[in-house]
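# Close look at the chain arrangement
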Amino acid sequence: MQAEPAPEAPRARPRALITGASSGLGAAFADRLARNGHDLVLVARDAGRLAEAARRAEERHGAHCAVLVADLADAADRRKVAERIEEGVDILVNGAGFGVSGSFWELGREALEDQLAVNVTAPQEFTHAAVRTMLGGNGGTVVNLSSITGLIPGRGSTYAASKAWTRYFSQGLSAALRGTGTQVMVLCPGFVRTEFHARAGIDVRQVSEGWWMDPDEVVDRCLSDVARGRTFSLPGLRNKVFISVVSRLPRPLAQRVNRMLGNAGARA
Ligand SMILES: NC(=O)c1ccc[n+]([C@@H]2O[C@H](COP(=O)([O-])OP(=O)(O)OC[C@H]3O[C@@H](n4cnc5c(N)ncnc54)[C@H](OP(=O)(O)O)[C@@H]3O)[C@@H](O)[C@H]2O)c1
């Protein structure tokens, strides 16, 4: 009979791999996790910004940082990231993501496929690599970036659907992993001050100040929910109240509210 492989010995410092680490929420996760004593593997396309984030984490928090430049719309690049995850990570943050700009019927197929690859295929492949490795070792945590948009239909189509997929995927998997020492958290932020909206061409001038959160605030909330063993994080009191009200409305009324608030027609 073949002996079970011995669990991997714990590393001196835990390691986190973060996608989307060049900007916004991913960059905030990198900073917070380095401050909490993690070494980092930082993933995105922009090599210069990743090198800068690595330098900051090393200088401020003494973290050992590696940079992995990868376009997550590209299958070969995704494979490189998955292989890095299989070498062992304690926390995986699937932070990379974007929303295409324009109506579904006006966009080219390639833009839609890239969005699907970055928002859905990459988190699925990386979570698969991480969970298998964590289960065979000392356990760990996966944080998947969904959105408040993934909780309510009507705010755009393909982007919102990708975030709903992330939520269902993560919650289903976290139920399956209960009691194993490997945890999957789904983070559902509302409006966060990052480059996301400018990149997606979303006009946010009508969104009042009270809705906005800073990336550090969102990340702190999420990591404190992780520490409490929670698997769902919806930061911000306003967001919690909004979701709780909208989810109690009859479906047609909820969709009308979302269409008004979410400028759904202009979003693919
Ligand atoms: N900001 C919000 O209000 C908000 C609310 C809810 C959910 N979210 C979600 O939070 C996540 C992070 O977004 P953010 O707000 O931090 O936006 P952001 O500032 O635009 O950051 C997006 C990150 O994703 C990376 N990325 C985009 N396309 C990529 C690709 N093809 N390959 C590799 N990396 C790629 C970008 O890096 P490079 O350009 O260097 O590749 C960047 O680091 C997204 O999944 C977004 O859907 C954001």
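Shown above is the structure to which this text applies.
The text that follows walks through the structure, step by step, so that each part is easy to find. None of the values given here were measured: they were computed from a predicted structure.

### Topic: the overall build of the chain
- Regarding its fold elements, the chain presents nine helices and nine strands.
- Taken over the C-alpha trace, the chain has a radius of gyration of 18 Å; the compact-globule value for 268 residues is 18 Å, and the two agree within 12%.
- Principal-axis analysis of the C-alpha atoms places the extent of the chain at approximately 60 × 40 × 35 Å.
- Taken across its 268 residues, the chain has 46% of its residues classed as buried.
- When the accessible surface of the chain is summed, it comes to about 13400 Å², and 52% of that surface belongs to carbon and sulfur atoms.
- Here the chain holds 33 positive side-chain charges and 28 negative ones, and the gap between their average locations is 9 Å.

### Remarks on helix α3 (residues 75-86)
- Compared with an ideal rise of 1.5 Å per residue, which puts twelve residues at 16 Å, α3 spans 16 Å between its outermost C-alpha atoms and is within 8% of the ideal.
- Three or more residues of α3 are buried, namely D77, R78, V81, A82 and I85. Along α3, the residues classed as buried sweep out an arc of 140° about the axis, all on the same side.
- Where α3 is buried, its residues touch β1 (15-19), β2 (39-44), β3 (65-69), β4 (91-94) and α4 (109-135).
- Where α3 begins, the side chain of D74 points an oxygen toward the backbone nitrogen of A76, at a separation of 3.1 Å.
- Where α3 ends, the next residue or the one after it, G88, has phi of about 115°, a positive value.

### As for the packing of helix α1 (residues 24-35) against helix α7 (residues 215-227)
- At a minimum axis separation of 9 Å, α1 and α7 run at an interaxial angle of 55°. Considered as vectors, α1 and α7 are oriented oblique to each other. Helix-helix and strand crossings are classified by hand; for α1 and α7 the assignment is right-handed. On the side of α1, the interface is formed by G24, L25, A28, F29, R32, L33 and R35, while α7 contributes P215, D216, V218, V219, D220, C222 and L223.
- Each residue belonging to the contact of α1 with α7 can be placed in one class, and the counts come to nine nonpolar, one polar and four charged.

### Some details on the sheet that holds strand β9 (residues 232-233)
- If you trace the seven strands from one edge of the open sheet to the other, you get β3-β2-β1-β4-β5-β6-β9, paired in parallel fashion. This sheet does not close on itself; its edge strands, each paired only once, are β3 and β9.
- Pairing geometry for strand β5 (residues 140-145) and strand β6 (residues 182-187), over six bridges, is parallel. Each residue of the ladder has a partner; that of V142, found in β6, is V184.
- Across the face of the sheet, α1 comes into contact with β1, β2, β4, β5 and β6 while running at roughly 170° to β1.
- Lying on the sheet, helix α2 (residues 47-61) is in contact with β2 and β3; it crosses β3 at an angle near 170°.

### Description of the state of the cysteines
- As enumerated under the stated definition, the model contains zero disulfides in all.
- Not part of a disulfide, C65 finds its nearest cysteine sulfur in C222, a span of 19 Å.
- For C65, a relative accessible area of 18% puts it in the buried group.
- Sulfur of C222: no disulfide; nearest cysteine sulfur belongs to C188 and is 9.7 Å away.

What counts, and where the lines are drawn
- Residues numbered from 1 in each chain as written.
- Predicted model: local features only at pLDDT ≥ 70, side-chain atom pairs only at ≥ 80, totals over all residues.
- Heavy atoms only, no water.
- Helix = DSSP H or I, 4+ residues; strand = E, 2+ residues; numbered from the N terminus.
- Rg over C-alpha atoms; globule rule 2.2 N^0.38 Å.
- Buried < 20%, exposed > 50% of the residue type's maximum accessible area, 1.4 Å probe, protein only.
- Areas by Shrake-Rupley, 256 points an atom, 1.4 Å probe, with all protein chains shown as cover.
- Lys, Arg positive; Asp, Glu negative; His and termini not counted.
- Charge placed at Lys NZ, Arg CZ, Asp CG, Glu CD.
- Expected span 1.5 Å × (residues − 1).
- Arc of directions from axis to C-beta.
- Contact = heavy atoms within 4.5 Å.
- Polar contact = N/O pair within 3.5 Å; in protein donor to acceptor, adjacent residues only side chain to side chain.
- Axes fitted to C-alpha atoms, helices over the stretch in contact; angles between N-to-C directions.
- Parallel < 35°, antiparallel > 145°, perpendicular 65-115°, else oblique.
- Left-handed = near helix turned anticlockwise from the far one by under 90°.
- Nonpolar A, V, L, I, M, F, W, Y, C, P; charged D, E, K, R; others polar.
- Pairing = 2+ DSSP bridges.
- Disulfide = S-S within 2.5 Å.

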